[in-house]
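Notes for the structure review
So you can see what is in the structure, the chains are spelled out below.
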Amino acid sequence: MPKAQGVAGAPCWVSLLARELPGAQDFYAKVLGWTYRRAGLGDDFSVALIDGLPVAGIGALASSLQVAVSWTPYFNVTDVDEAAARIRERGGTVGVGPIAFHTGRAALAVDPDGAVFGIWEGAVRSDWSMGRGAGSASLELRTREAATAGRFYSLTLGWEPEGEGKLRLAHEADQSVLLDGDEPLARIKGGAVQAAPDPQIRPRWHVHFNVKDVAAAVGTALAAGGSLVLRSDASAGVDEATLRDPDGALFTVTAAA
C-alpha cells in the first residue's frame, strides 16, 4: 500500500456515480469479478471487493446529485472548504458541496479544462491501495496540456514541485507523474485531447482496473451491454482497453503486471 495513504493531496478512493445500484453491481461483477458489501451509507451505496479487499465504491447517486454517470477519483484534503476555495481561485468549479457524508465531508469539482474529480475531508480507508494487487485502481488524467493541469492540481491539492516534499509532481516529456517517494499515484498526460476528432473525447480522469485477461474482460463487457471505446495496440507493449458500461461510464481494464 502506498505510504501516502491518508496524506493530504493523495488519491484516497474511486467511486462510480451510477443511476441504479443492482444493474451496475451486476455488470461489474461479471466484467471484473467483484463482490459487494454494504458500506453503512444506506441502501444506495456499496463497496466493491476483490479477494476480500476494497477496490471501489458504487453509489446510485447520479440522479440525486444531477451529475453524469461516471467514475470519479477522490483526493484527501485536510479542510474541504479551504480546498474548494482554492479550486475556485485557480479557475475550477465546485459543482456539488461541500456536503456532510457519513464520516466526513466531500465535494465534486471540475478543473479548468473540464475534468471532474472529488475532494474528501475525513477518515480514509487503510485497506485500500492504489495501483497494486488484483483489481486495484490507478488514475490517469488525459488533458490538453500536462504542465498546466499539473500546476492547477499542485496549487489546489498541495502537491510539491519535483524534488520537494512527500508528494511530488515529476515531469516526463508530455506527462507528469504524482509520486510518493518512487511510488506513482497518478499520471497526467497531455496533447491527445486536442487532436481527437471525437467531440465526446474531452479532458477527464480515467480510472484503470487490473485484470488477468484483457480480452476476456472486453468480451464479457460487450456481452453484458457495455461497449468498447479503444483497444491498445499489442505491439506498443501495453495490454489495455477502454470501455463504457451500459450507462455510459468510462473505465479502463489493464493487464495486471
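Thresholds applied
- Residues numbered from 1 in each chain as written.
- Predicted model: local features only at pLDDT ≥ 70, side-chain atom pairs only at ≥ 80, totals over all residues.
- Heavy atoms only, no water.
- Pairing = 2+ DSSP bridges.
- Helix = DSSP H or I, 4+ residues; strand = E, 2+ residues; numbered from the N terminus.
- Axes fitted to C-alpha atoms, helices over the stretch in contact; angles between N-to-C directions.
- Contact = heavy atoms within 4.5 Å.
- Expected span 1.5 Å × (residues − 1).
- Buried < 20%, exposed > 50% of the residue type's maximum accessible area, 1.4 Å probe, protein only.

**Notes on the sheet that holds strand β4 (residues 53–59)**
Taken together, eight strands build an open sheet; the order of strands is β2-β3-β4-β1-β5-β8-β7-β6 and the sheet is mixed. Every interior strand has two partners, whereas the edge strands, β2 (35–38) and β6 (93–101), have only one. Put simply, the sheet's adjacent strands are angled 30° from each other on average, direction ignored. Two elements, β6 and strand β7 (residues 104–110), share six bridges in a ladder whose sense is antiparallel. Counterpart to Val94 in the pairing with β7 is Ala109. The strands touched by helix α3 (residues 80–89) are β6, β7 and β8 (116–122); relative to β6, the strand with the most contacts, the crossing angle is about 175°.

**Here's the deal with helix α4 (residues 146–157)**
A rise of 1.5 Å per residue sets the reference length of α4, with its twelve residues, at 16 Å; its end C-alpha atoms lie 16 Å apart and thus fit the reference within 8%. Those residues of α4 lying buried are Ala146, Ala149, Gly150, Phe152, Tyr153, Ser154, Thr156 and Leu157. Two residues or fewer after α4 comes Gly158, characterised by a positive phi angle close to 85°.

**Quick word on the pairing of strand β5 (residues 70–76)**
The element β5 is extensively covered by neighbouring structure, given that seven of its seven residues are classed as buried. Where burial is concerned, the two faces of β5 agree: the one with Ser70, Thr72, Tyr74 and Asn76 and the one with Trp71, Pro73 and Phe75 are both buried. Where β5 meets β8, three bridges bridge the pair, whose relative direction is parallel. The residue of β8 that forms the bridge with Asn76 is Trp120.

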